[in-house]
Amino acid sequence: MEALVSMVVVLGTLLISWQSIESVSQRNWSDEHAINVIKEKYYKERKAWLTGTDLR
């Protein structure tokens, strides 16, 4: 019986750890995507300014 309880505790701990890692990696991907969108907008505006064209 103690072995079963220990196994459930270990599996629960592993599941919680896996979910935490998954959450952090999802957040990192979201942050990277947001940064790339901002960079793309910045480079478009910079190019328009340097060439004298207005994208708006």
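In the block above lies the structure referred to throughout.
These numbers were taken from a predicted model, which means no experiment stands behind them. (Residues numbered from 1 in each chain as written. Predicted model: local features only at pLDDT ≥ 70, side-chain atom pairs only at ≥ 80, totals over all residues. Heavy atoms only, no water.)

K.L.:
When you look at the overall build of the protein in this model, what are you seeing that I'm missing?
P.N.:
For the protein, the helix and strand inventory stands at 1 helix and 0 strands. Compactness check: the protein gives a C-alpha radius of gyration of 23 Å against a globular reference of 10 Å for 56 residues, more than 25% above the reference. Sorting the 56 residues of the protein into buried and exposed places 2% on the buried side. Working note: accessible area of the protein is about 5500 Å², and carbon and sulfur atoms make up 64% of it. The distance from the centre of the 7 positive side-chain charges to the centre of the 7 negative ones in the protein is 14 Å. (Helix = DSSP H or I, 4+ residues; strand = E, 2+ residues; numbered from the N terminus. Rg over C-alpha atoms; globule rule 2.2 N^0.38 Å. Buried < 20%, exposed > 50% of the residue type's maximum accessible area, 1.4 Å probe, protein only. Areas by Shrake-Rupley, 256 points an atom, 1.4 Å probe, with all protein chains shown as cover. Lys, Arg positive; Asp, Glu negative; His and termini not counted. Charge placed at Lys NZ, Arg CZ, Asp CG, Glu CD.)

K.L.:
Explain the packing of aromatic side chains here, please?
P.N.:
Two aromatic rings are characterised by how far apart their centres lie and by the angle between their planes. Here the structure, examined in full by the defined rule, presents 1 aromatic pair. Judged by centre distance (5.1 Å) and plane angle (65°), the rings of Y42 and Y43 are edge-to-face. On the basis of relative accessible area, Y43 is assigned to the partly exposed category, the value being 48%. (Phe/Tyr/Trp six-rings, centres within 6.5 Å; stacked < 30°, edge-to-face > 60°.)

K.L.:
Mind showing me how you'd approach helix α1 (residues 2-51) here?
P.N.:
An α-helical turn contains 3.6 residues, so a residue and the one three or four places further along point in the same direction. With 50 residues, α1 extends 73 Å from end C-alpha to end C-alpha; this agrees with the ideal 74 Å at 1.5 Å per step. Count one or two residues on from α1 and you reach G52, which has phi positive near 80°. (Expected span 1.5 Å × (residues − 1).)

K.L.:
What is the right way to read the pattern of salt bridges from this model?
P.N.:
Once their charged atoms are close, side chains differing in charge can pair, the charge on each being opposite to the other. Scanning all chains against the criterion turns up 1 salt bridge. A salt bridge links K44 to E40, with the nearest nitrogen and oxygen atoms 3.5 Å apart. One end of the pair, K44, and the other, E40, are both in helix α1, 4 residues apart, so they sit about a helical turn from each other. Judged by its relative accessible area of 45%, E40 is partly exposed. (Salt bridge = Lys/Arg side-chain N within 4 Å of Asp/Glu carboxyl O.)

K.L.:
Explanation requested: a nonpolar patch on the surface in the structure shown.
P.N.:
On the surface, a nonpolar cluster with roughly 930 Å² of combined accessible area is contributed by M1, L4, V5, M7, V8, V9, V10, L11 and L14. Tracing the chain through its elements places L4 in helix α1. Classification of L4 by relative accessible area gives partly exposed; the value is 47%. (Patch = residues over 30% accessible without salt bridge, like charges linked within 9 Å, V, L, I, M, F, W, Y side chains within 5 Å.)

K.L.:
For this particular structure, what's the right way to read the environment of Y42?
P.N.:
Position of Y42 relative to the elements: it lies in helix α1. The exposure class of Y42 is partly exposed, given its relative accessible area of 48%. The sequence separation of Y42 and W18 amounts to 24 residues, and the corresponding C-alpha distance is 36 Å.

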